[in-house]
Amino acid sequence: MDIVDMLDRAFRHTHTVIAGVRPDQLGNDTPCEGWTVRELLDHTIGVVAGLGAAASGLAPAGSFELSSDPAGQFEQAAAATLAAWRTPGVLDKVIDGGAGPMPGRVLAGINLLDTATHSWDIATATGQVAALPTDLALATLEVSRQTIAPEIRPGRFDVEVPVADDADATSRLVGFLGRTP
């Protein structure tokens, strides 16, 4: 799997979801417990922008503020972040994206995991089609299984929710992450 290609897929998918959010839905609760759509948009766009800055070797921009055009704001952040992840050698560098220094490839995986997962949360909360493209869901599930060790689950992810053996890729992903498909 090419992590940067999957990030590109995740960013394009997430942009479509964010563009589908109506202003009257910003206060909706999301499957990400305790977060509204507005708060999750703040987080999702802020993380994409912050990880892009880190991959570029820049200091974080400071506090993030959601604009009146979240889809446009996400599109700009995603473009800058993709450019950073496409820089030759960046995936092999050690980068501090806020959670401590780690290999760029690991941080790019976290970027994929966070973005794809929250696109599902936002779509679900706003009544949009929540399923991720199958290849994206499978890639994110692979990264999730490599990244989420049992000791880091508490406080970040709920206990895995069992799904049927024949469940689609998105259901397996969100179940692994502790959400009910």
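All values reported here derive from a predicted model rather than from experimental measurement.

Draft legend 1. Layout of the packing of aromatic side chains. According to the stated counting rule, one finds one aromatic pair in the structure shown. Both rings, one in Phe11 and one in Phe74, keep their centres 5.9 Å apart while their planes meet at 85°; by these two values the pair is edge-to-face. Of the two residues, Phe11 sits in helix α1 (residues 3-19) while Phe74 sits in helix α3 (residues 70-85), which places them 63 residues apart along the sequence. The ring of Phe176 carries the charged tip of Arg145 above its face, separated from the ring centre by 5.7 Å.

Draft legend 2. Region of the structure containing the nonpolar core. Residues Leu41, Trp85 and Leu112 are the most contacted members of the largest nonpolar core, which totals 54 residues. Secondary structure elements with two or more residues in this core: α1, α2 (37-56), α3, α4 (104-125), α5 (134-147) and α6 (169-176). With nine residues, the single largest contributor to this core is α4. Setting aside its immediate chain neighbours within four residues, Leu112 contacts Ile3, Met6, Leu7, Ala10, Leu136, Ala139, Thr140 and Val143.

Draft legend 3. Spotlight on the pattern of salt bridges. Per the counting criterion, the structure on display carries six salt bridges. Among the salt bridges present, the one from Arg12 reaches Asp8, with a minimum N-O distance of 3.4 Å. Of this pair, Arg12 and Asp8 both sit in helix α1, four residues apart, which is roughly one turn of that helix. A salt bridge links Asp121 to Arg179, with the shortest nitrogen-to-oxygen separation between them at 2.7 Å. Placement of the pair is Asp121 in helix α4 and Arg179 in the segment after α6, with a sequence separation of 58 residues. Considered together, Asp121 and Arg179 belong to a single accessibility category, that of buried residues. A cluster of three or more residues bridged by salt bridges with shared partners is formed by Asp8, Arg12 and Arg86.

Draft legend 4. Structural context of the environment of Gly27. Mapped onto the fold, Gly27 is located in the loop between α1 and α2. The class for Gly27 is exposed, based on a relative accessible area of 56%.

Quick notes on the rules
Residues numbered from 1 in each chain as written. Predicted model: local features only at pLDDT ≥ 70, side-chain atom pairs only at ≥ 80, totals over all residues. Heavy atoms only, no water. Phe/Tyr/Trp six-rings, centres within 6.5 Å; stacked < 30°, edge-to-face > 60°. Helix = DSSP H or I, 4+ residues; strand = E, 2+ residues; numbered from the N terminus. Lys NZ or Arg CZ within 6 Å of the ring centre and 35° of its normal. Core = buried A, V, L, I, M, F, W, Y, C linked by side-chain atoms within 4.5 Å. Buried < 20%, exposed > 50% of the residue type's maximum accessible area, 1.4 Å probe, protein only. Contact = heavy atoms within 4.5 Å. Salt bridge = Lys/Arg side-chain N within 4 Å of Asp/Glu carboxyl O.

Just geometry here; none of it tells us what the structure is for.
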